[in-house]
Every structure is written in C-alpha cells, then in structure tokens.
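# Coordinate inspection notes
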Amino acid sequence: MSYPKKLLNDYETVAVDLHPHWWHFAEPVSALVGSIIFGILALVFDVRGTFGDLLKWLVIIVIVVSAIWVVVRYLKWMTTNFVITSDRLIFRAGVIAKMGIEIPLERVNNVHFSQTIFERMTGSGDLLIESGGEGGQQRFTDIRRPDRVQNLIHSQMEENEKRRFTVGTGGSTTDVATQLEKLEGMVERGTLSPEEFQSQKNKLLGG
C-alpha cells in the first residue's frame, strides 16, 4: 500500500516510498517454519497415548499462533511507509490506529545510517535523523539500503533549498503563492507553529 496521494501538498512530489525491509518478517516466519518442522517430527515419531495427543494439540496451536503472527506482521508491513518527498520526510504506520511523523526537509540537520555486518549482507539498516523540531532525534529501523536513502535525503534537501532560495531572491508570484500554500499545510498538520508561519510569510512577502 503506497502513501495516499491525497495527503500530499499541492505540487509536492514523492521521491521514494518504502515499506520495511523483508527482514521485518524474520521472527514470525522463523517461528512458523520451526513449528511446522516440529509438527513433521511429531508425525514421524508417531508418539502415542495421552502424551502423544497433547503433543499433537500443542503442535497445532503453535502452528496456528505462528501463522497469525505472520499475517499480523504482514499487515503492519503493508501499512508502514517511509516516504521522502520534495518537501518533507514522512513515517506513517498502523493497521487500524495510525501514527505518523513528519519532518520538513529544511529542519533536517543530520542524517546518519548504521548497519551491522549481517545487515550489510541483507541490505537493511537503521536511519537516525536529527532535526530542529521538538522530536530532536528520530530512529527508523529496517530501512532498505539506508546508505542510498541517506544520499537521496541529502539530494532532496539541496533541491528544496534551491527552491526556497529562488523564492526568497525574487521568484515569481506563483512561486510565492505555492510556498505559502505549503506553509499553510504545515500549520494544519502541526509541523509549523503559527508564529513560525508568520515569520516565514513575512520573509516571502519581503516584510
């Protein structure tokens, strides 16, 4: 499931929309495979009596629980998005209850990635994003190719800065109007305070 386009600002474009790395499924899939192997061994040795009956029921319960775990993890995977747009970074997760984090690109100070040796082999890792907002630092796990994502964030930051510079140094009326619309959207989402909005508005209008 991709990030809903209706939640994007006008003229905002998506650079990348990622679900967590496949390693996100490692635990439930391992549990399911292990329970199936355990069930096969129980059938091969064909333990009889009361203990055998209890063992069979135990195997069935473990397989069902593991299968449910896989389905739940898949639903979480489907509804988790790490998105980089031309304006901001977005993290959105939740099957029924939703939670999200938004960081405007102009507030991003540093982007760090980390990978263990195993994560380098599988192409996964973590991103640590330092921003000037209230959150300060945000860590995102199970990111695909975090080094490439880091580079993409930096390139989007540079493009965003160029657009802001163009507007601030005599861009067209249309550019100013577009920038104001983006700022208004940030206020509505709570990522920009009314005071910060007014300050940015004054800069755009030359006040």
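Residues numbered from 1 in each chain as written. Predicted model: local features only at pLDDT ≥ 70, side-chain atom pairs only at ≥ 80, totals over all residues. Heavy atoms only, no water.

Strands sit in the order 1-2-3-4 across an open sheet of four strands; the sheet is antiparallel. Of all strands in the sheet, those bounded by a partner on one side alone are strand 1 (14-18) and strand 4 (99-104). Neighbour-to-neighbour, the strand axes of the sheet open up by a mean angle of 10°, direction not taken into account. For strand 2 (residues 81-85) and strand 3 (residues 88-93), the ladder comprises four bridges, and the chain directions are antiparallel. Bridged to Asn-81 within strand 3 is Arg-92. (Pairing = 2+ DSSP bridges. Helix = DSSP H or I, 4+ residues; strand = E, 2+ residues; numbered from the N terminus. Axes fitted to C-alpha atoms, helices over the stretch in contact; angles between N-to-C directions.)

Turning our eyes to something else, we now look at the environment of Val-64. For Val-64, the position within the fold is in helix 2 (residues 49-78). Put simply, Val-64 and Ser-35 are 29 residues apart on the chain and 9.2 Å apart in space, counted from C-alpha to C-alpha.

This part is about a nonpolar patch on the surface. Residues Val-29, Val-33, Ile-36, Ile-37, Ile-40, Leu-41, Val-44 and Phe-45 make up a contiguous nonpolar surface patch of about 740 Å² in total accessible area. Examined against the element boundaries, Ile-37 turns out to sit in helix 1 (residues 26-45). (Patch = residues over 30% accessible without salt bridge, like charges linked within 9 Å, V, L, I, M, F, W, Y side chains within 5 Å. Areas by Shrake-Rupley, 256 points an atom, 1.4 Å probe, with all protein chains shown as cover. Salt bridge = Lys/Arg side-chain N within 4 Å of Asp/Glu carboxyl O.)

This paragraph deals with the sheet that holds strand 6 (residues 124-131). Overall, antiparallel pairing links the three strands, which are arranged 5-6-7 in an open sheet. In this open sheet, the two edge strands, each paired with only one partner strand, are strand 5 (108-114) and strand 7 (137-144). Each adjacent strand pair in this sheet contributes to an overall mean axis angle of 20°, direction not counted. Relative to strand 6, strand 5 is paired through six bridges, and the arrangement is antiparallel. Counterpart to Val-108 in the pairing with strand 6 is Ser-131.

Tallied over the entire structure, the rule returns two cavities of 30 Å³ or more. Estimated volume of the largest cavity: approximately 90 Å³. Mapped by element, the contributors of at least two residues to the lining of the largest cavity are helix 4 (146-168) and helix 5 (173-189). Ranked by the residues each element gives to the lining of the largest cavity, the list is headed by helix 5, at four residues. (1 Å grid on protein atoms, 1.4 Å probe; cavity = no way out; pocket = protein on both sides within 12 Å on 5 of 7 lines; lining within 4 Å. Points joined across faces, edges and corners; volume = space filled by probe spheres on them.)

The tally for this structure, following the rule as stated, stands at seven aromatic pairs. Considering the side-chain rings of Trp-22 and Trp-23, the 5.9 Å spacing of their centres and the 80° angle between planes classify their relative orientation as edge-to-face. Owing to a relative accessible area of 36%, Trp-23 belongs among the partly exposed residues under this scheme. (Phe/Tyr/Trp six-rings, centres within 6.5 Å; stacked < 30°, edge-to-face > 60°. Buried < 20%, exposed > 50% of the residue type's maximum accessible area, 1.4 Å probe, protein only.)

With 19 residues, the main nonpolar core has Phe-82, Leu-89, Ile-129, Val-149 and Ile-153 as its most contacted residues. Those elements that place two or more of their residues in this core are strand 1, strand 2, strand 3, strand 4, strand 5, strand 6, strand 7 and helix 4. Leaving out residues up to four positions away in the same chain, Ile-129 has contacts with Phe-82, Leu-89, Ile-103, Val-108, Asn-110, Val-111, Gly-136, Gln-137, Gln-138, Phe-140 and Ile-153. Judged by nonpolar contacts, the second largest core, of five residues, contains Leu-180, Leu-183, Met-186 and Phe-197. (Core = buried A, V, L, I, M, F, W, Y, C linked by side-chain atoms within 4.5 Å. Contact = heavy atoms within 4.5 Å.)

Turning next to the pattern of salt bridges. One pass over the full model with this rule turns up four salt bridges. A salt bridge links Asp-126 to Arg-139; the nearest nitrogen and oxygen atoms lie 4.0 Å apart. Of this pair, Asp-126 sits in strand 6 while Arg-139 sits in strand 7, and the two are 13 residues apart along the sequence. Overlapping salt bridges, with partners in common, bring together Glu-12, Arg-88 and Glu-102 in one network.

Mean pLDDT for the protein: 82, with 88% of residues reaching 70 or above. Looking over the protein, one finds the lowest element-wise mean pLDDT in helix 5, namely 67, and the highest in strand 2, namely 92. (pLDDT = per-residue confidence, 0-100.)

Let us now look at the side chain of Gln-156. Residue placement: Gln-156 occurs in helix 4. Sequence-distant contacts of Gln-156, defined by excluding residues within four places in its chain, comprise Ala-15, Ile-84, Thr-85, Ser-86 and Leu-105.

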